[in-house]
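Spelled out, the chains give:
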Amino acid sequence: MVDITLSIFNHHDKRYEHCIKEIKKYATEKLRNEIEKLKKEFSEYSEIEILDFEPENINYVQKSPEKSLCEDEYKFYVLVKGLLHRLDYSSSADVPIEIESCCPISKKVEIYIKNNLKSDLNEPQKFTMNNKDNNVVLVSSTGYGKTEAALLWADKDKTFFTLPIRTSINSIYKRISEFMNYKQCGIMHSTSLEFLYKETNSLEASEYIYRLSKTLSYPLIVSTIDQLFTFPFKHFGYEKYLSTLSYSKVIIDEIQAYSPKIAAALLVGIKQITEFGGKFLLMTATLPSLYIEYLNEKKINFQIERFYTNKKRHIISIQSKDIIDDVDKILYLSDKNSVLVITNTVKKSKELYLKIKEKTENVELLNSLFTFGDRAEKEKMIMEKKERKIWISTQIVEASLDVDFDFLFTELSTADSLFQRMGRCYRKREYRLNEPNVYIYTQNPSGVGLVYDKDIHELTLRYITEFDGKLITEEEKDDIVNKIYSKENLINKKYYSTFERAIGFLESIQPGEVDKEEAKEILREMRNITVVPYQLYKRNRELFEKYSNTFDKEERIKLYMKLRDFMIDVPLYKIKEKFEKLTEIENVYLACFDYNSDVGLDLNQKTVGDLYQFI
């Protein structure tokens, strides 16, 4: 038997003693009648017997009752409490709890494939269509229509589509809502309201979509994982997500792109979702076998299939030198071809850019230390590729941008990252020459041990070397990732111990040990701070002050979007103490470093002059 008092009592985060007094104070006949009405409504949907409500029994109600409940009682408790949260939040936001889909997304996708892509369903898409009622793991080559395959699997069910990067989320949202003409799609990430306002040019429309997304009301929502997968941490209110996912489908794209801690949270989340009745689809071009082993150990049923293109895409050349020492080759091949160069760190990308800049103006730099405005402009340029330029970038180009270059020069990174980079060279075309089109540099690669796990990096070098001067197929790439990320290879390595510790922590965590914001920070992994470079603040100070003195909501959003063009997200450990609170905008700081639109924020060059006289 289950007492729904537990769910009602715990659905607001109040001090226990205060709640006991309040409930006893108001445990009147009216409250008893209300609970009787709820019992009758629940009895229509569940055969579980619900205890009678008696005020004198209130003392046994626990703040965190999960420990004392059996499995069925716990599930019922989570479902009731989670749906109470949904009702509460939707009521406060003045939006429907659920929006019924006017048409299955799968129908829109089929029309899109036929009319826009001028194609029939391919094998991965047929596979997901035939497994709409199953959990699915889909391994498929880059450019093989995995997004469409996932949406075909979603069909008519409530679905959450997660990706690692905000720009990818924005791109998928526009693809679904505009090109596929599916308007009942929501979006969740940290700057989604500003993005929606830019798309709709209407405060009312953007806020409505934003509220429907945050209350999980849409039948399809695209999201970063930090907005959805906080529930494994059992923060206050986690039941809202788990109860919703109990009747939903979840798509997780590019799981190999996440760190072992985040991958652990995703896998524990998948386990909980399936236990509550929801379904998942994992899709990637390369899949670490360690993750499949976890799913099998937990006896989670799923259908897995691998699809590889037969197109010849990449012939690789292993270069036993520093990438900085091969500028002449980069320049030579860029004369008649588009060339992408990827380094492991921002510092190395800037160093290489300045060296090539000495010899040609035909070069552009893209990394994470540009303002949002400059970065958006550069991303637009690299996507359009109107001029044949050498583009130098970091790993931000791996997953977020759909670009296709003739040649790739890259520092050696870990296998999962390396193959993502290769996906930006001959992305969908077939390579018909016999010379290498991917050059991998193994000497003095930057970021090893900081950005990339040292053990995984060494294993990558061991496995990739045998393909020097050879064609490497999509199947061989997946096989390398499988071998590297196997328990056999990682059992005594840092990666595996980090993964196992994270799994153990999440499987034993008690409700309330971690709050929601802490969970989000963990899922974002690296703590960033949003800054405005000193020169840009000084140059635009009137605009900042205007924002501070404006109280009209829509005008403030417009001003904020202009000011956001001057902001940069910087890892806190890099900037240390060289920033100061900006009075005009909450959680935005002034950075005491030089900035220019060619190379971005220079963390090695402190701004000349006294920063603080302008604060």
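Heads up: the structure comes first, above all this text.
Notes on the structure follow.

1. Some points on the overall build of the protein
Piece 1. When helices and strands are counted, the protein shows 28 helices and 20 strands.
Piece 2. Burial analysis of the protein (615 residues in total) assigns 57% to the buried set.
Piece 3. In the protein, the share of contacts with a sequence separation of at least 24, taken over all contacts with a separation of at least 6, comes to 77%.
Piece 4. Working note: accessible area of the protein is about 28,100 Å², and carbon and sulfur atoms make up 46% of it.

2. Some thoughts on the packing of aromatic side chains
Piece 1. As enumerated under the stated definition, the model contains 13 aromatic pairs in all.
Piece 2. Relative to phenylalanine 307, the ring of phenylalanine 127 lies with its centre 5.8 Å away and its plane at 55°, an arrangement referred to as tilted. One end of the pair, phenylalanine 127, is in helix H6 (residues 123-129); the other, phenylalanine 307, is in strand S7 (residues 303-307), and 180 residues separate them in sequence.
Piece 3. Looking at phenylalanine 307, the relative accessible area reads 14%, which means it is buried.
Piece 4. Between phenylalanine 544 and phenylalanine 566 the ring centres are 6.4 Å apart and the planes differ by 35°, which places this aromatic pair in the tilted class. Within this pair, whereas phenylalanine 544 is found in helix H26 (residues 541-548), its partner phenylalanine 566 is found in the loop between helix H27 (553-564) and strand S16 (568-571), the two being separated by 22 residues in sequence.
Piece 5. Through successive ring pairs, a cluster of aromatic residues spans Phe409, Tyr439 and Tyr441.
Piece 6. The ring of tyrosine 547 carries arginine 556 above its face, with NZ or CZ at 4.1 Å from the centroid.

3. With respect to the pairing of S16
Piece 1. Residues Ile568 and Val570 line one face of S16 and the alternating positions Asp569 and Pro571 line the opposite face, and both faces are buried.
Piece 2. As paired elements, strand S15 (residues 528-533) and S16 share 4 bridges and run antiparallel to each other. The residue of S16 that forms the bridge with threonine 530 is aspartate 569.

4. Quick notes on the side chain of threonine 230
Piece 1. In this structure, threonine 230 sits in the loop between helix H11 (225-228) and helix H12 (239-245).
Piece 2. On the basis of relative accessible area, threonine 230 is assigned to the buried category, the value being 0%.
Piece 3. With residues near it in sequence (within four places) discarded, threonine 230 still touches Ile225, His235, Tyr241, Lys516, Ala519, Lys520 and Leu523.

5. Thoughts on the sheet that holds strand S12 (residues 407-411)
Piece 1. Here we have 7 strands laid out as an open sheet, ordered S10-S11-S9-S12-S13-S8-S14, and mixed in their pairing. Both edges of this open sheet fall to strand S10 (363-366) and strand S14 (471-472), since each of them pairs with a single strand only.
Piece 2. As defined by bridge partners, S10 adjoins strand S11 (residues 390-393) across 4 bridges and the pair is classed as parallel. The partner of valine 363 across the bridge, within S11, is isoleucine 390.
Piece 3. Along the sheet face, helix H16 (residues 346-357) touches strand S9 (339-342), S10, S11 and S12 and points at about 170° away from the line of S10.

Rules and cut-offs
Residues numbered from 1 in each chain as written. Predicted model: local features only at pLDDT ≥ 70, side-chain atom pairs only at ≥ 80, totals over all residues. Heavy atoms only, no water. Helix = DSSP H or I, 4+ residues; strand = E, 2+ residues; numbered from the N terminus. Buried < 20%, exposed > 50% of the residue type's maximum accessible area, 1.4 Å probe, protein only. Contact = heavy atoms within 4.5 Å. Areas by Shrake-Rupley, 256 points an atom, 1.4 Å probe, with all protein chains shown as cover. Phe/Tyr/Trp six-rings, centres within 6.5 Å; stacked < 30°, edge-to-face > 60°. Lys NZ or Arg CZ within 6 Å of the ring centre and 35° of its normal. Pairing = 2+ DSSP bridges. Axes fitted to C-alpha atoms, helices over the stretch in contact; angles between N-to-C directions.

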